[in-house]
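Spelled out from the first residue to the last, the chains are:
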Amino acid sequence: MNKADRIFVAGHRGLVGSAIARRLAADGHDHIVVRTRDELDLRRQDAVDRFFDEVRPDYVFLAAAKVGGILANDTLCADFIRDNLLIQTHVIATAHRTGTKKLLFLGSSCIYPRNAPQPMKEECLLTGPLEPTNQAYAIAKIAGIETVRAYRRQFGFPAISVMPTNVYGPHDNFDLQSSHVLPALIRKFHEGKTANAPEVVVWGSGTPRREFIHADDLADACVLLMQQYDGDSIVNIGVGEDLTIRELAELIRDIVGFRGTMRFDPTKPDGTPRKLLDVSRLHALGWRAKIPLREGIARTYDGFAARVDRSSSQL
Ligand SMILES: NC(=O)c1ccc[n+]([C@@H]2O[C@H](COP(=O)([O-])OP(=O)(O)OC[C@H]3O[C@@H](n4cnc5c(N)ncnc54)[C@H](OP(=O)(O)O)[C@@H]3O)[C@@H](O)[C@H]2O)c1
């Protein structure tokens, strides 16, 4: 990627897209092209055609998607499969048609089988049944991976697919109806602290193990892979270690400073028992995550608390 290249970051207001756009700007890229969903609905082929014909981006980071936590994935499964299939198919096909030099597609670790051997290697894709609560989303993402592969094979289009583990950071979604576990816990403990509540309820048994990567680390890896990797195989992006939801909740409780008790609600779904990515392929390319979990969560919490303060002072 040269400084003069036009780089389209699809989904630039999201958790991942905003980190990629920040990273590219910090690297001195002056031609970062962005559109909000209102300006360019990527579910509409006619709008995508008009945009690509006009802008002709040299590079595309495809970080626009319908994304959500366990509740949203389960209840809005039709929206998740439809929107993601439409967005990714339109963007990949149109980028190829209009001469994009390279495209990076963001998948997700939920593409791997529910009971995949841990840590999960890229090769375990399509080797067993998926976690039912996010099957529609996962199948859309698997279709995206196959679309990328098919465009590489049939047309020689230099597109690559990366599979990040759970991401957190600034611009995360803190809405309890649709958020992922980490931002949901930040919000619950913050509200518990503010209201002096005696307890905070955490969904599930607390036993599932999860891995988390800060969005700035993920953006760093995406930029490196865009520049240095051009293969048919998918590449996992993670930190290489995980912790239980109970350990995560305790860490967030300490960072937020909530003094009440924590109760787990086992009637709520746990999801996959363990999700740790094997990151040896990424390590072989010389990349390692740099932001420790405690520091990343503390930074995310500071941002969230400042946002809450600003919005309450505007009331
Ligand atoms: N968050 C995670 O833990 C995680 C983990 C693994 C992989 N990923 C992958 O990373 C990518 C980005 O996720 P994220 O967490 O950054 O999601 P996010 O915060 O929800 O952001 C999604 C972005 O997509 C845009 N978008 C959604 N529908 C659109 C449409 N119809 N037309 C145009 N833009 C649309 C949104 O635009 P507006 O802001 O304009 O609405 C938003 O900027 C996804 O492919 C996801 O699968 C995320």
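Fair warning: this is a prediction, and the values are worked out from it, not measured in the lab.

Looking only at helices and strands, the chain features 10 helices and 13 strands. With the principal axes as the frame, the chain shows a C-alpha extent of 60 × 50 × 40 Å. Expressed as a percentage of the 315 residues in the chain, the buried residues total 53%. Here the analysis covers contacts within the chain between residues at least 6 apart in sequence; of these, 81% occur between residues at least 24 apart. Accessible surface computed for the chain: about 14,000 Å², of which carbon and sulfur atoms make up 51%. When the 41 basic and 39 acidic side-chain charges of the chain are each reduced to a single mean position, those positions are 0 Å apart.

Cis geometry is adopted by the peptide bond preceding P119, which originates at Q118 and carries an omega value of -10 degrees. Checked against the element boundaries, P119 lands in the loop between strand 4 (102–106) and helix 5 (135–155). At H171, a position not held by glycine, the phi torsion is positive, near 70 degrees. Within the secondary structure layout, H171 lies in the loop between strand 6 (166–168) and helix 6 (181–194).

Given a rise of 1.5 Å per residue, 12 residues ought to cover 16 Å, and the 17 Å separating the end C-alpha atoms of helix 1 (residues 15–26) matches this to within 8%. Turning to helix 1, its buried residues are L15, V16, G17, S18, A19, I20, A21 and L24. Immediately beyond the C-terminal end of helix 1, within one or two residues, lies G28, with a positive phi of roughly 90 degrees.

Our next topic: the pairing of strand 1 (residues 7–10). Where burial is concerned, the two faces of strand 1 agree: the one with I7 and V9 and the one with F8 and A10 are both buried. Bridge analysis of strand 1 against strand 2 (residues 32–33) gives two bridges, and the strand direction is parallel. Its bridge partner lying in strand 2, F8 is registered against V33. In this view, the connection linking strand 1 to its parallel neighbour strand 2 by way of helix 1 has right-handed handedness. Relative to strand 3 (residues 59–62), strand 1 runs parallel, the two sharing four bridges.

Turning our eyes to something else, we now look at the site of the ligand. Not every one of the 26 residues close to the ligand is listed here, only the nearest: R13, V16, Y137, K141 and V167. Contacts to the ligand include R13, whose side-chain N or O atom sits 2.7 Å from an oxygen atom. Within the complex, the protein chains bury 89% of what would otherwise be the 890 Å² of accessible surface of the ligand. Residue classes in the shell around the ligand are distributed as 13 nonpolar, eight polar and five charged.

Counting residues in each nonpolar core, the largest one holds 42 residues, and the members touching the most others are L42, F52, L62, V91, L103, I111 and Y112. Listing elements by their share of this core, those giving two or more residues are strand 1, helix 2 (45–55), strand 3, helix 4 (77–97), strand 4, helix 5 and strand 5 (159–164). Not counting the four nearest positions on each side in its chain, V91 is found in contact with L42, V48, F52, V60, L62 and L103. Ranked by size, the runner-up nonpolar core spans 32 residues in total, among them A21, L24, L106 and Y229.

With respect to topology, six strands assemble into an open sheet ordered 2-1-3-4-5-10, the strand pairing being parallel. A strand with exactly one partner marks an edge of an open sheet, and here the two such strands are strand 2 and strand 10 (235–237). Packing against the sheet, helix 5 makes contact with strand 4 and strand 5, and its axis sits at approximately 155 degrees to strand 5.

This model, assessed by the stated rule, comprises 28 salt bridges. R23 is the salt-bridge partner of D220, the closest N and O atoms lying 2.0 Å from each other. Separated by 197 residues along the polypeptide, D220 in helix 7 (residues 215–228) and R23 in helix 1 bring together distant segments of the chain. Relative accessible area serves as the criterion here: at 18%, D220 is assigned to the buried category. For R23, a relative accessible area of 24% gives the class partly exposed.

Applying the stated rule across the entire model yields seven aromatic pairs. Plain terms: the ring middles of F8 and F52 are 5.9 Å apart, the flat faces sit at 80 degrees to each other, and that makes the pair edge-to-face. Remark: F52 occurs in helix 2 and F8 occurs in strand 1; sequence separation between them is 44 residues. For F8, a relative accessible area of 1% gives the class buried. The exposure class assigned to F52 is buried, which follows from its relative accessible area of 0%. Ring centres of F189 and F258 lie 5.5 Å apart, and the angle between their planes is 45 degrees; on these two criteria the pair is classed as tilted. On the criterion of sequence distance, the pair formed by F189 in helix 6 and F258 in the loop between helix 8 (245–256) and strand 12 (261–265) is long-range, its members being 69 residues apart.

Analysis parameters
- Position numbers for residues start from 1 in each chain and track the written sequence from start to end.
- Restriction of local features to residues with pLDDT of at least 70 applies here, the model being predicted, together with a cutoff of 80 or more for giving and counting side-chain atom pairs; totals for whole chains, interfaces and linings are based on all residues.
- To obtain the side-chain values, all non-hydrogen atoms of the structure were included, while hydrogens and water were left out.
- By the criteria applied, helices consist of DSSP H or I runs no shorter than four residues and strands consist of E runs no shorter than two, each listed in order from the N terminus.
- Burial classes follow relative accessibility: with a 1.4 Å probe on protein chains only, a residue under 20% of its type's maximum area counts as buried, one over 50% as exposed, and anything between as partly exposed.
- By definition, residues are in contact when any of their heavy atoms lie within 4.5 Å.
- Under the convention used here, a 1.4 Å probe and the Shrake-Rupley method define accessible areas, while residue burial counts only the protein chains that appear.
- Counted as positive: Lys and Arg. Counted as negative: Asp and Glu, with His and the chain ends omitted from the count.
- Charge coordinates come from a single atom per side chain, which is NZ of Lys, CZ of Arg, CG of Asp or CD of Glu.
- Expected helix span is computed as 1.5 Å times (number of residues minus one).
- Between any two strands, pairing holds if DSSP finds at least two bridges.
- If the strands point away from the viewer and the path from the first strand over the helix to the second runs clockwise, then the crossover is right-handed.
- Think of it this way: one heavy atom of a residue within 4 Å of a molecule or strand is enough to make that residue near it.
- Here a polar contact is recorded for every N or O atom pair within 3.5 Å, except that within protein the pair must consist of a potential hydrogen donor and a potential acceptor, and residues adjacent in sequence are included only if both atoms are side-chain atoms.
- Classes in brief: Ala, Val, Leu, Ile, Met, Phe, Trp, Tyr, Cys and Pro nonpolar; Asp, Glu, Lys and Arg charged; the others, Gly included, polar.
- We call a set of buried Ala, Val, Leu, Ile, Met, Phe, Trp, Tyr and Cys residues a nonpolar core when their side-chain atoms join them within 4.5 Å.
- Interaxial angle, 0 to 180 degrees, is taken between N-to-C directions of lines fitted to C-alpha atoms, where a helix line uses only the stretch in contact.
- Salt-bridge detection follows one rule: a side-chain nitrogen of Lys or Arg within 4 Å of a carboxyl oxygen of Asp or Glu.
- Here a Phe, Tyr or Trp ring, Trp counted by its six-membered ring, pairs with any other such ring whose centre lies within 6.5 Å, and the pair is stacked when the planes are under 30 degrees apart, edge-to-face when over 60, and tilted otherwise.

As far as function goes, none of this settles anything; it's purely spatial.
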